[in-house]
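# Structure at a glance
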Amino acid sequence: MSGTEWAVEKEGETLAKKTLIIGGGIAGITAAQKIAQNGGAALLIEKEGHLGGNFAQLTYTFPVLADAKGIVAREIKTAQELGGIEILLQTTLESCSGEAGNFTVELRTPSGRRTEQVAAIVVAAGFHYMEPTAYTEYAYGRSAKVVTSLEFERMAAEGRLPQGQVRVVFVHCVGSRDKAKGYRYCSKICCSYSAKHAIMLKQANPEAKAYVFYIDIRALGKGYEEFIREAMEKYNVRYIRGRVAKVIESGDKLLVRAEDSLIGNPVEVEADLVVLASAMEPPQGSRDLAGILGIATDEYGFFREAEANVRPCHSSKEGVFLAGSCTQPMEIAAAVGMGGLAASEALILSR
Ligand SMILES: Cc1cc2nc3c(=O)[nH]c(=O)nc-3n(C[C@H](O)[C@H](O)[C@H](O)COP(=O)(O)OP(=O)(O)OC[C@H]3O[C@@H](n4cnc5c(N)ncnc54)[C@H](O)[C@@H]3O)c2cc1C
Ligand code: SF4
């Protein structure tokens, strides 16, 4: 069957209704795959000109340092080759009316407007990575030697990690757990990906020294705690407990000032590069999208689950489901899990 024939025959029954999936990151791709593999039809829209979302910007993934770009390419290829998935890039949702089992959606595509009937909608709009411009004390935006963790991923992908006897400082909780200037919530995975970055640095440049400033370590997931221990014990990454107060430009170096809260002494590290683990925030335009769909967001702008414990992929509106990091910061495995769950709910409405 081609990707545009939507009446799918399966053991004598016809599943004629599509599911609209908004967002072509790993959560949306997974939802589309699962719908197609179970005989349904998916219309996957992505606002950018390519699929993969934030995952496609990563180099390796914790906790096993798997090849991120290779995995994303494989999953996109699987989705493209499965019958039953139509992919529209540079496409957004303009309006939505109707009810569960029978929505009318209007899309803005590069070739004009397009109207579709869909049985269910999966919102998989992902997260936005916070630009830490409010943190002027960290010299972000002033010094090219202060970068975010996402910029560090790009540096690694392009083979631009610093070489020789350099010192690199990783700063946790920038914009997270900070009621004053950022978000009150914990971004959940930056303890783990900062350890990944320190290991990537040491693998690319064994002469480098890596320092991590942390408040406390949060690494809840299979193998995550062990992964951080490996950074400390196998790669000699130095973990210092304390919130960084200031990053000062000093000639061609940076001075990182903090208080070591375990021993109560001020500490200063001279660095060649500072990497800020910034907050994962709601996707841009999430409140507008929620308005079009008639679903609720939380106080931050993440999409609100109807019942977080047992119905985590149900939005506040019947027939509209949620998948991935548009609900809260999460790792790839959790986004994949939610994508599959949302697909199974959407398929029920397609029958
Ligand atoms: C620096 C960094 C390192 C990380 N390292 C790891 C790691 O090692 N291991 C790990 O498990 N996780 C890691 N993560 C987390 C990982 O990136 C996420 O778990 C994953 O990207 C979530 O996938 P998603 O599909 O939910 O969202 P996203 O990847 O954000 O994808 C969402 C997609 O939806 C699209 N979209 C948004 N709004 C709309 C709209 N209105 N209409 C159409 N399309 C829309 C976006 O353009 C995007 O393509 C890291 C994150 C960061 C920031
Ligand atoms: S996961 Fe770690 S670094 Fe990220 S906000 Fe939570 S405690 Fe801070």
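Numbers given for residues are sequential positions, taken from 1 along each chain in its written order. All chains are assigned letters beginning with A, and all ligands numbers beginning with 1, in the order in which they are written. With the structure being a predicted model, the display of local features is reserved for residues of pLDDT at least 70 and the display and counting of side-chain atom pairs for 80 or more, all residues being used for whole-chain, interface and lining totals. Computation of side-chain values: all heavy atoms of the structure, hydrogens and water removed.

## Some thoughts on the sheet that holds strand 13 (residues 167-174)
Taken together, 5 strands build an open sheet; the order of strands is 12-19-13-14-15 and the sheet is parallel. In the strand order of this sheet, the two ends are held by strand 12 (146-148) and strand 15 (238-241), each with one partner. The sheet shows a mean angle of 25° between the axes of neighbouring strands, direction not considered. Both strand 12 and strand 19 (residues 273-278) contribute to a ladder of 3 bridges, which runs parallel. Following the sheet pairing, Thr148 is matched in strand 19 by Leu276. Sheet strands touched by helix 4 (residues 190-204): strand 13, strand 14 (209-214), strand 15 and strand 19. Its angle to strand 13, the strand with the most contacts, is close to 170°. Paired strands, as defined in this entry, are two strands with at least two bridges between them according to DSSP. Note on conventions: DSSP H or I runs of at least 4 residues are helices, E runs of at least 2 residues are strands, and numbering of each starts at the N terminus. Lines fitted to the C-alpha atoms define the axes, with helices restricted to the stretch that makes contact. Angles between their N-to-C directions range from 0 to 180 degrees. Should any heavy atoms of two residues lie within 4.5 Å, those residues are counted as being in contact.

## A look at the domain arrangement of the protein chain
Note: interface size is frequently given as the accessible area lost on complex formation between the parts. Taken domain by domain, the protein chain comprises domain 1 (8-127 + 282-350) and domain 2 (130-279). A straight line from the C-alpha centre of domain 1 to that of domain 2 covers 32 Å. With 17 residues of domain 1 in contact, the opposing surface of domain 2 contributes 23 residues. Between domain 1 and domain 2 the total buried area reaches about 1,800 Å² when both faces are included, carbon and sulfur atoms providing 64% of it. Salt bridge, as used here: a side-chain nitrogen of Lys or Arg that lies within 4 Å of a carboxyl oxygen of Asp or Glu. Remark: the boundary between domain 1 and domain 2 carries 2 salt bridges. Polar contacts, as used here, are pairs of N or O atoms within 3.5 Å; protein pairs need one atom able to donate a hydrogen and one able to accept it. Residues neighboring in sequence count only if both atoms are side-chain atoms. At the junction of domain 1 with domain 2, the criterion picks out 6 residue pairs in polar contact (both at pLDDT 80 or more). Where each domain begins and ends is defined by an automated method or by a domain database. Defined in terms of a 1.4 Å probe, buried area is the accessible area two parts forfeit on being brought together, summed over both.

## A word on the site of ligand 1
Being near a molecule or strand, for a residue, comes down to having at least one heavy atom within 4 Å of it. Of all residues adjacent to ligand 1, which total 36 residues, the nearest are Glu46, Asn54, Phe62, Lys196 and Met330. Between ligand 1 and the protein, one listed contact pairs an oxygen atom with a side-chain N or O atom of Lys196 at 2.8 Å. A distance of 2.8 Å separates an oxygen atom of ligand 1 from a polar side-chain atom of Ser325. Starting from 1,000 Å² of accessible surface for ligand 1 in isolation, the protein chains cover 95%. Accessible surface is estimated by sampling points in the Shrake-Rupley manner with a 1.4 Å probe; for residues, cover comes only from the protein chains shown.

## A look at the sheet that holds strand 18 (residues 265-271)
Ordered in space as 16-17-18, the 3 strands form an open sheet in which the pairing is antiparallel. The sheet terminates laterally at strand 16 (244-250) and strand 18, the two strands that pair on one side only. Across this sheet, the average inter-strand angle for adjacent strands is 20°, counted without regard to direction.

## Here we look at the packing of helix 1 (residues 26-37) against helix 2 (residues 68-81)
Interaxial distance between helix 1 and helix 2 falls to 10 Å at its minimum, and their mutual angle equals 35°. The interaxial crossing formed by helix 1 with helix 2 has left-handed handedness. When helix 1 is examined against helix 2, the residues Ile26, Ile29 and Gln33 are found in contact with a partner set consisting of Glu75, Ile76, Thr78 and Ala79. Each residue belonging to the contact of helix 1 with helix 2 can be placed in one class, and the counts come to 4 nonpolar, 2 polar and 1 charged. Crossings are classed by handedness, with left-handed meaning an anticlockwise turn of the near helix from the far one by less than a right angle and right-handed meaning a clockwise turn. All residues other than Ala, Val, Leu, Ile, Met, Phe, Trp, Tyr, Cys, Pro, Asp, Glu, Lys and Arg, Gly among them, are scored as polar; the first ten of these are nonpolar and the last four charged.

## Comments concerning the pairing of strand 4 (residues 41-45)
Buried residues are those whose accessible area, probed at 1.4 Å on protein chains only, stays under 20% of the maximum for their type, while exposed residues exceed 50% and partly exposed ones sit between those limits. Extensive coverage of strand 4 is indicated by the burial of 5 of its 5 residues. Side chains of strand 4 alternate between two faces, with Ala41, Leu43 and Ile45 and Ala42 and Leu44 buried alike. Examined bridge by bridge, strand 3 (residues 18-22) and strand 4 share 5 bridges and lie parallel to one another. Counterpart to Leu20 in the pairing with strand 4 is Leu43. In this view, the connection linking strand 3 to its parallel neighbour strand 4 by way of helix 1 has right-handed handedness. Alignment of strand 4 against strand 7 (residues 85-88), held across 4 bridges, turns out to be parallel. Following the sheet pairing, Leu44 is matched in strand 7 by Ile87. Here, the term right-handed applies to a crossover whose path from the first strand over the helix to the second runs clockwise when the strands point away from the viewer.

## A few points about the site of ligand 2
Close to ligand 2 lie His172, Cys173, Ser176, Arg177, Cys186, Ser187, Lys188, Ile189, Cys190, Cys191, Asp216 and Arg218. Elements represented by at least two residues in the shell around ligand 2 include exactly strand 13 and helix 4. For the shell around ligand 2, the class distribution of residues is 5 nonpolar, 3 polar and 4 charged.

## Focus: the nonpolar core
Definition used in this section: a nonpolar core is a set of buried Ala, Val, Leu, Ile, Met, Phe, Trp, Tyr and Cys residues joined via side-chain atoms within 4.5 Å. Ile21, Val122, Phe152, Phe170, Val237 and Tyr239 are the most contacted members of the largest nonpolar core, which has 68 residues in total. With 8 residues, the top contributor of residues to this core is helix 4. When we break this core down by domain, the ones giving at least three residues each are domain 1 (8-127 + 282-350) and domain 2 (130-279). Apart from residues lying up to four places away in sequence, Phe170 is in contact with Phe152, Ser194, His197, Ala198, Leu201, Ala210, Tyr211, Val212, Phe213 and Val275. One finds Ala139, Tyr140, Tyr183 and Leu276 within the second-largest nonpolar core, a separate group that totals 26 residues.

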